[in-house]
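Below, each chain spelled out in residue letters.
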Amino acid sequence: MMGLGRALYALILSGALLCPAPSRADLRADPQTDQAPWLPVSQVMSELARNPEFVEALYRRLGRDPKAGGILGPDEIKRLREMILGKDFEGLDRFPGLTVQGMGRSVRLAGAMLGRSGDDGLPPEPAAARETAEEMVEEGLGIPAAGTPPAPDAYLRPLGFGLEAGDRVDPALAERYADGLRLADLLNRLSLNAPDGGGRYRVVLDGQALDTPRALMDALARGGHDVEVRDSRYFANFGDLIYQDRDVLTPFWIDTRLPVPGTDRNLLVPVSHSQHELVVRGPVVNADLSFYFGIDGQAMFRPSVTRDQAWVMGRVAHRYRGEEAMEAVRLAGVIVRAYDAIKRRHPELPFGGYYALGVCNDVNAMIELRMRGETTLYPLTLDPQFFRDEGEVGRLAASLPLDSRWRAAADPKRVLGSLPVEDLAALPLPSLREDLEKVRAAWQGGRLPGSGVGGLALPGAVAAGLLAAGLWSLRLWLVRRR
């Protein structure tokens, strides 16, 4: 779900975009955390709040720019201002505590606000293969592809005040980026071919014209390439923040409504991001791709080139090779076309259909459901009504266990299955580890009640959640700048 929650930090830091950075001497780190691999956002904000220029810029941004609030209304912006300027920073470390339904409400409000402004908040949708539905196009593989690797800081943007937003480039992935970019473009364009013929886009390889993603990958495999598809899970990095060259811990906490045994609290977990990763190695093509539905409103194959911050962890839930890998690629291509068709029918959906058509997990849950007979991903938010005309994808969408419909507690199996670690002891946050261990033990022992203890009524949770939602504006600004 590498998406919805990128909101808190955009809002908090949008003021920083307006002012020059102070000297680093004004931003001293806490000596107790010098050795930690990352910083909590509460520490970052407490240090930034010492700077009057930052506070004043943030105040102006929250009070006068309607888009600085992201999905917030006037009352929420008032509460947000009070929380930040009142130096109530501890709540930021476990924000927002919104349920899945609360997230949906926030997105709907955001869409209504942006609709009134005549801007959906996203850059224009790329039109890479629009012409292929009307005419025949054939071209060669084009790999090895021309292009120089991106610079180490190519995807970093200075925000001032010692802050940067974005991702560091992974040197190994950068060497294969040109091939990955080309292969992703080929697969996405092939995915948009109509299943019943007509104008086609084709890739010619060894004298054979190929017109589907599976056909292309089959041909590469026959030509001596190793093809693997990995179903991978991570903690979603909603801030992509670096402060004084150190990563900032910025998860988006969600209320599962599962009670933590022995406490009066619900289980809050960081939202997980999932993607299917396509790894190709061989005599001609060496590429790394990921497939998911992103905050940019695109369900597509994407070249991998950046390095994750360490705290997001990472786990491969399933590996597919041979015929299974080809089936996963085939279905991903069908999903690309289905989402394109739905968005054409429903241009009114804000944020490119994000949340209404799912978050990152939903398309990957469809593939897991097809490949494994069930899905272990949480949360899932798509609305099946948009998929009724999409055949196989529509049937998979209707079969998903959706979390946006009911106010019941989450499925413990899917909550645990979405985690980016095999062993809970590897989790970087002790309090989260303890809560998960209690919930897992109670669930496995049949002692876990089926409902939560408060949901959105948790003290401070709504305010913290509203804080998180505001990050949208910086994230969209960064998308445009990129």
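Up top is the structure.
So, here's what we can say about the structure. No experiment lies behind these values; they were computed from the predicted model shown.

## Observations regarding the overall build of the protein
A tally of helices and strands in the protein yields 15 helices and 17 strands. The 482 residues of the protein split such that 57% are buried. The long-range fraction of contacts in the protein, counting pairs at least 24 apart against all pairs at least 6 apart in sequence, stands at 77%. If you sum the accessible surface of the protein, you get close to 19500 Å²; carbon and sulfur atoms cover 51% of it.

## Some thoughts on the packing of aromatic side chains
In this structure the tally under the stated criterion is four aromatic pairs. Here the aromatic rings of F293 and Y339 are separated by 5.0 Å at their centres, their planes lie at 55°, and the arrangement is tilted. Placement of the pair is F293 in strand 14 (residues 287–293) and Y339 in helix 9 (residues 322–345), with a sequence separation of 46 residues. Take F293: its relative accessible area is 0%, and that puts it in the buried class. With a relative accessible area of 1%, Y339 lands in the buried category. Ring pairing ties together the aromatic residues F293, Y339, Y354 and F387, which thus form one cluster. When the ring centre of Y201 is taken as origin, the NZ or CZ atom of R189, which lies over that ring, is 4.1 Å away. The aromatic ring of Y292 is capped on one face by R302, whose charged end is 4.3 Å from the ring centroid.

## Description of helix 13 (residues 430–444)
It helps to recall that an α-helix has 3.6 residues per turn; residues three or four apart then point in one direction. Between the first and last C-alpha of helix 13 there are 21 Å, a value that for 15 residues agrees with the 21 Å anticipated at 1.5 Å per step. Restricting attention to buried positions, one finds in helix 13 the residues L432, D435, L436, V439 and A442. Buried residues of helix 13, seen end-on, are gathered within an arc of 135° and therefore sit on one face of the element.

## Some words on the sheet that holds strand 14
Strand pairing in a sheet relies on backbone hydrogen bonds. The paired strands run either parallel or antiparallel. What the five strands build is an open sheet, ordered 15-14-13-8-17; its pairing is antiparallel. Two strands close off the open sheet at either side, each with one partner strand: strand 15 (299–303) and strand 17 (315–321). Strand-to-strand, the axes of this sheet are offset by a mean angle of 25°, without reference to chain direction. This element, helix 7 (residues 177–191), spans strand 13 (272–281), strand 14 and strand 15 of the sheet and lies at about 160° to strand 15. Running over the sheet, helix 10 (residues 360–372) touches strand 8 (226–235), strand 13, strand 14 and strand 17 and is turned about 65° from strand 13.

## Quick word on the sheet that holds strand 6 (residues 201–205)
If you trace the three strands from one edge of the open sheet to the other, you get 3-6-7, paired in mixed fashion. With partners counted over all chains shown, the strands left at the sheet margins are strand 3 (137–140) and strand 7 (208–210), one partner each. Pairs of neighbouring strands in the sheet enclose a mean axial angle of 30°, with direction left out of account. For strand 3 and strand 6, the ladder comprises four bridges, and the chain directions are parallel. Residue pairing in the sheet places E138 in a bridge with R202 of strand 6. Docked against the sheet, helix 7 engages strand 3, strand 6 and strand 7, running at close to 130° with respect to strand 6.

Reading the values: rules and limits
- Every chain begins its residue count from 1, and numbering advances along the sequence as written.
- pLDDT decides what is reported in this predicted model: residues at 70 or higher carry local features, side-chain atom pairs at 80 or more are listed and counted, and totals for whole chains, interfaces and linings draw on all residues regardless.
- Hydrogens and water are ignored here; the side-chain numbers use all heavy atoms of the structure.
- Every helix listed is a DSSP run of H or I at least four residues long, and every strand listed is a run of E at least two residues long, numbered separately from the N terminus.
- Type-normalised accessible area, obtained with a 1.4 Å probe on protein chains alone, sets the label of each residue: buried when under 20%, exposed when over 50%, and partly exposed for intermediate values.
- Should any heavy atoms of two residues lie within 4.5 Å, those residues are considered in contact.
- Only the protein chains shown count as cover for residues, and the accessible areas themselves come from Shrake-Rupley with a 1.4 Å probe.
- What counts as a ring pair is set by centres within 6.5 Å for rings of Phe, Tyr and Trp (its six-membered ring), and what kind of pair is set by the plane angle: stacked under 30 degrees, edge-to-face over 60, tilted for all other angles.
- In this scheme, the term charge over a ring applies when either NZ of a lysine or CZ of an arginine sits within 6 Å of the ring centre and within 35 degrees of the ring normal.
- A helix is expected to span 1.5 Å multiplied by its residue count minus one.
- Think of the arc as the fan of directions from the helix axis to the C-beta atoms.
- Two strands form a pair only when DSSP identifies at least two bridges running between them.
- Here the axes come from fitting lines to C-alpha atoms, over the contacting stretch only for helices, and the angles between their N-to-C directions go from 0 to 180 degrees.

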